[in-house]
Protein chains: 2
Amino acid sequence: MSEGVEWALHSCLNLAWIGPERAVPAARLAAYHELPAAYLNKQLQALARAGIVTSVSGPKGGFRLARGLDRITLMDVVAAVEGPDEAFRCTEIRQQGPGAGPAGSYAAECAIAGAMGRAELAWRRELVSQTLDDVRERAELQAPTAPERIREWFAPA
Amino acid sequence: MSEGVEWALHSCLNLAWIGPERAVPAARLAAYHELPAAYLNKQLQALARAGIVTSVSGPKGGFRLARGLDRITLMDVVAAVEGPDEAFRCTEIRQQGPGAGPAGSYAAECAIAGAMGRAELAWRRELVSQTLDDVRERAELQAPTAPERIREWFAPA
DNA sequence: GGGCTATTACTCGGATACGGGGTGTCCGAGTTAAAGTGG
DNA sequence: CCACTTTAACTCGGACACCCCGTATCCGAGTAATAGCCC
């Protein structure tokens with residue numbers, strides 16, 4: 001899985017802790033974790049295209065969350081960064097070569113694709129069931145001082 | 001996900017339908033679906049290392065299943081081909097840069113890694129719960145003539 | 001004809017190239033804040 | 001002092017290289033069947 005997913009998730013939580021009042025530039029979000037600024041920008045663009053964050057150009061510009069954390073699921077972020085296609089894609093090799101059966105006998109889905117699809121569905125179901133707000137709550141339980149630290153570090157000079 | 005997983009799964013089912021009496025060369029398994037023979041051989045080697053199939057060299061050599069389909073799970077095959085590491089790996093960026101908190105405050109797992117881990121656990125759980133025999137059963141319901149076709153095509157000259 | 005040996009053909013196994021997608025970077029279009037200027 | 005204009009700095013957005021891993025291939029080590037040969 002792409003490394004950008006981790007960056008995007010952390011950035012979303014950071015944005016939430018900073019608050020919706022002001023927009024935060026990608027460069028500043030990147031500096032907080034010493035990430036390549038331009039590349040993080042690329043991931044945030046993906047989030048913007050997916051409608052998870054909104055972006056404004058110019059001075060005092062940057063990114064901010066488009067809606068509350070409780071309305072953003074892990075699935076939303078993963079789909080935005082990784083793309084919509086499934087991890088396991090069936091190439092229908094059962095229809096290739098001498099092993100191919102009669103032409104009309106492939107109406108039903110390949111049993112292997114079905115089985116792998118069920119597993120991937122379980123994965124997606126779990127991703128949908130968890131919102132970023134759930135993650136934030138757990139994070140604050142583990143590190144109660146983190147929100148204040150972040151708010152302070154991102155405070156304008 | 002690697003394409004080899006699909007090839008490996010189909011090959012395992014084919015091996016089961018052929019029967020355990022004789023070993024089947026990788027080249028023959030590949031020809032059945034018009035796959036690159038040498039590359040499929042590589043995947044079968046991975047299955048052999050994982051103990052899913054056994055391999056014998058020389059004339060009349062090839063691969064055969066090491067145990068019954070009901071004792072091989074989808075997880076076994078995926079782990080053998082894809083490797084054991086998780087898809088989402090946490091790089092602990094929370095400990096990098098100015099955002100890093102006090103040194104001893106990272107005993108607990110990163111909340112984001114935990115959430116992604118739960119999703120991946122659901123995926124793995126589903127893969128473990130399905131054996132190749134379950135898949136075979138469904139496949140035979142959809143295409144009852146397949147086993148006989150395969151047995152015949154792989155029959156020795 | 002039977003048993004032993006040498007040969008030969010066949011298969012796996014790992015070492016070796018190639019190519020596409022993730023990774024990383026750079027520069028331009030657009031925008032807004034701020035500075036400058038005249039009334 | 002205030003309003004307007006001009007400037008300038010800042011930010012996103014997409015276009016451009018790099019590199020690693022999945023993809024694909026080839027050749028050698030090992031093995032067993034087979035053919036040949038001697039008894």
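See the structure above.
In this text the structure is predicted, and so the values were computed from the model without any measurement.

Rules and cut-offs
Residues numbered from 1 in each chain as written. Chains lettered and ligands numbered in written order. Predicted model: local features only at pLDDT ≥ 70, side-chain atom pairs only at ≥ 80, totals over all residues. Heavy atoms only, no water. Disulfide = S-S within 2.5 Å. Buried < 20%, exposed > 50% of the residue type's maximum accessible area, 1.4 Å probe, protein only. Helix = DSSP H or I, 4+ residues; strand = E, 2+ residues; numbered from the N terminus. Contact = heavy atoms within 4.5 Å. Buried area = accessible area lost by both parts, 1.4 Å probe. Salt bridge = Lys/Arg side-chain N within 4 Å of Asp/Glu carboxyl O. Polar contact = N/O pair within 3.5 Å; in protein donor to acceptor, adjacent residues only side chain to side chain. Nonpolar A, V, L, I, M, F, W, Y, C, P; charged D, E, K, R; others polar. Patch = residues over 30% accessible without salt bridge, like charges linked within 9 Å, V, L, I, M, F, W, Y side chains within 5 Å. Areas by Shrake-Rupley, 256 points an atom, 1.4 Å probe, with all protein chains shown as cover. Lys, Arg positive; Asp, Glu negative; His and termini not counted. Charge placed at Lys NZ, Arg CZ, Asp CG, Glu CD. Least-squares fit on C-alpha atoms with pLDDT ≥ 70 in both.

Engineer: When you look at the state of the cysteines in this model, what are you seeing that I'm missing?
Structural biologist: Linking two cysteines covalently through their sulfur atoms gives a disulfide. Considering all chains together, one arrives at zero disulfides over all chains under this definition. The thiol of Cys12 of chain A is unpaired, and the distance to the nearest cysteine sulfur, on Cys110 of chain B, comes to 14 Å. In this model Cys110 of chain A remains outside any disulfide bridge; the closest cysteine sulfur is found in Cys90 of chain A, 4.3 Å from its own. Cys110 of chain A gets classed as buried once you look at its relative accessible area, which sits at 4%.

Engineer: Can you help me understand unusual backbone geometry in this one?
Structural biologist: Trans peptide bonds make up the majority, and among non-glycine residues the majority have a negative phi. Of note in the backbone geometry, Lys60 of chain A takes a positive phi value of approximately 60° without being a glycine. With respect to the helices, strands and loops of the structure, Lys60 of chain A is situated in the loop between β1 (53–56) and β2 (62–65).

Engineer: Help me understand the environment of Tyr32 of chain B in this model?
Structural biologist: Position of Tyr32 of chain B relative to the elements: it lies in helix α2 (residues 26–33). For Tyr32 of chain B, a relative accessible area of 3% corresponds to the buried category. In the structure, Tyr32 of chain B is positioned 18 residues away from Asn14 of chain B in sequence and 9.5 Å away in space, judged by C-alpha atoms. If sequence neighbours within four positions are ignored, Tyr32 of chain B has contacts with Gln96, Gly97, Pro98 and Gly99 of chain A together with Asn14, Ile150, Trp153 and Phe154 of chain B.

Engineer: In this structure, what is going on with the interface of chain A and chain B? I would like to understand it.
Structural biologist: When the parts of a complex come together, some accessible area is lost, and that lost area is often taken as the interface size. Taken residue by residue, the interface counts 52 residues in chain A and 52 residues in chain B. Buried area between chain A and chain B, both sides added, is near 4,300 Å², and the carbon and sulfur share of it is 65%. Taken as a group, Glu6, Ile93 and Ile112 of chain A account for 15% of the area that chain A buries against chain B, more than any other trio of residues on that side. The tally of links between chain A and chain B comes to zero salt bridges. The interface formed by chain A and chain B includes 15 residue pairs in polar contact (both at pLDDT 80 or more). Within the residue set of the side of chain A that touches chain B, elements represented by two or more residues are α1 (4–18), α2 (26–33), α4 (74–82), α5 (111–129), α6 (132–142) and α7 (146–153) of chain A. Take the side of chain A that touches chain B: its biggest share by element is 11 residues, from α5 of chain A. Looking at the side of chain A that touches chain B residue by residue, the classes come out as 31 nonpolar, nine polar and 12 charged.

Engineer: Can you help me understand a positive patch on the surface in this one?
Structural biologist: The grouping of Arg22, Arg28, Lys60 and Arg151 of chain A at the surface amounts to a positive patch. Residue Arg22 of chain A is classed as partly exposed on the basis of its relative accessible area, which comes to 30%.

Engineer: Before we go on, may I ask you to explain the relation of the copies chain A and chain B in this structure?
Structural biologist: Copy one and copy two of the chain differ by a rotation about an axis and a translation along that axis. Of the transformation superimposing chain A on chain B, the axial component is 0.0 Å and the angular component is 180°, with the fit at an RMSD of 0.0 Å. On this basis, the relationship between the two copies can be described by a two-fold rotation axis. Minimal C-alpha distance to the rotation axis in chain A is attained by Trp123 of chain A, lying at 2.4 Å. An overlap of 100% is found between the interface residues of chain A and their copies at the interface of chain B, pointing to a shared contact surface.

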